[in-house]
Amino acid sequence: GESVGLHLPTLSVQEGDNSIINCAYSNSASDYFIWYKQESGKGPQFIIDIRSNMDKRQGQRVTVLLNKTVKHLSLQIAATQPGDSAVYFCAEKGNSGGYQKVTFGTGTKLQVIP
Amino acid sequence: EPEVTQTPSHQVTQMGQEVILRCVPISNHLYFYWYRQILGQKVEFLVSFYNNEISEKSEIFDDQFSVERPDGSNFTLKIRSTKLEDSAMYFCASTGQGSGQPQHFGDGTRLSIL
């Protein structure tokens, strides 16, 4: 079946360096993508989203890049801090509105080394 | 900032017993969801709810599961006869109307079936 998945299960980065977390999706009908951060014992926390008519979107210290040609999504975190340590999930929706479910990938654990 | 709240944070129940998980979505949101996350695995969709009825449900959401919005603020998930494999984190989420609205998640209820 179609799915959203992640390339790397664990990523270790030095504090202050930039982090890049990658995600591959296979549902070509997806037109809305979200990155969530999940800290231990907490629910997924919205970080940033992007619609399929865009290829880049920037937030505060985070950037999401979308390459529809190869069905690839990435999350870039600038100047990674210890508080960024968490599991990061990419997720997709079939369309950007309405009640459609979110389909999550398997998650990448980001470890920030002080 | 408004948030989704879930109670209890941890529920321990004997196998075969009924359990009700409670959620208070963000007040002006219209779409409501339940997801679950088995330890170490990805977040899985269970059910979406809009306009007082189920919009979509997954194959996990069988006849043992039901959802209800008993009043203007609460949204509940009931498992009629719990099984050991129902042990998981259960997350409630809500989203507002309009395109490009991300789902906001609560911090979950950890359900342990003995």
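Residues numbered from 1 in each chain as written. Chains lettered and ligands numbered in written order. Predicted model: local features only at pLDDT ≥ 70, side-chain atom pairs only at ≥ 80, totals over all residues. Heavy atoms only, no water.

Undergrad: It is not clear to me how the sheet that holds strand β8 (residues 75-79) of chain B should be interpreted in this structure. Could you clarify?
TA: Consider a sheet: its strands pair through backbone hydrogen bonds, and that pairing is either parallel or antiparallel. Residue and element names in this part refer to chain B. Pairing within the open sheet is antiparallel, and its 4 strands lie in the order β1-β3-β8-β7. A strand with exactly one partner marks an edge of an open sheet, and here the two such strands are β1 (5-7) and β7 (65-68). Geometrically, the sheet is characterised by an average inter-axis angle of 20 degrees between neighbouring strands, direction not taken into account. (Pairing = 2+ DSSP bridges. Helix = DSSP H or I, 4+ residues; strand = E, 2+ residues; numbered from the N terminus. Axes fitted to C-alpha atoms, helices over the stretch in contact; angles between N-to-C directions.)

Undergrad: Teacher, can you tell me more about the nonpolar core here?
TA: Buried together is how nonpolar side chains tend to be arranged in soluble globular proteins. Residues B:W34, B:L46, B:F61, B:V67, B:F75, B:L77 and B:Y90 are the most contacted members of the largest nonpolar core, which totals 22 residues. When residues of this core are traced back to their parent elements, those giving at least two are β3 (19-24), β4 (31-37), β5 (44-50), β7, β8, β9 (88-95) and β11 (109-113) of chain B. Those residues in contact with B:Y90 that sit more than four places away from it in its chain are B:Q6, B:L21, B:W34, B:Y35, B:R36, B:L46, B:F65, B:L77, B:I79, B:G108, B:T109 and B:L111. One finds A:L11, A:V62, A:L66 and A:I77 within the second-largest nonpolar core, a separate group that totals 20 residues. (Core = buried A, V, L, I, M, F, W, Y, C linked by side-chain atoms within 4.5 Å. Buried < 20%, exposed > 50% of the residue type's maximum accessible area, 1.4 Å probe, protein only. Contact = heavy atoms within 4.5 Å.)

Undergrad: Can you help me understand the pattern of salt bridges in this one?
TA: Opposite charge on two side chains lets them pair, provided their charged atoms get close. Applying the stated criterion across every chain, the model contains 4 salt bridges over all chains. The salt bridge involving A:R61 is made with A:D84; its shortest N-O contact spans 2.9 Å. Taken together, the residues A:R61 in the loop between β6 (56-58) and β7 (62-67) and A:D84 in the loop between β8 (72-77) and β9 (86-93) connect sequence positions 23 residues apart. Residue class for A:D84 comes out buried when judged on its relative accessible area of 6%. Here B:R36 ties to B:E44 by a salt bridge, and the two come within 3.2 Å at their closest N and O atoms. A residue is classified by how much of its surface remains accessible, and B:R36, at 10% relative accessible area, is buried. With a relative accessible area of 23%, B:E44 lands in the partly exposed category. (Salt bridge = Lys/Arg side-chain N within 4 Å of Asp/Glu carboxyl O.)

Undergrad: Honestly, the environment of A:Q100 in this entry has me stumped. Any pointers?
TA: All names here are of chain A. By secondary structure assignment, the location of Q100 is in the loop between β9 and β10 (103-104). Taking the relative accessible area as the measure of exposure, Q100 reaches 22% and is therefore partly exposed. The spacing of Q100 and I77 is 23 residues in sequence and 28 Å in space, taken between C-alpha atoms.

Structural measurements only, silent on function.
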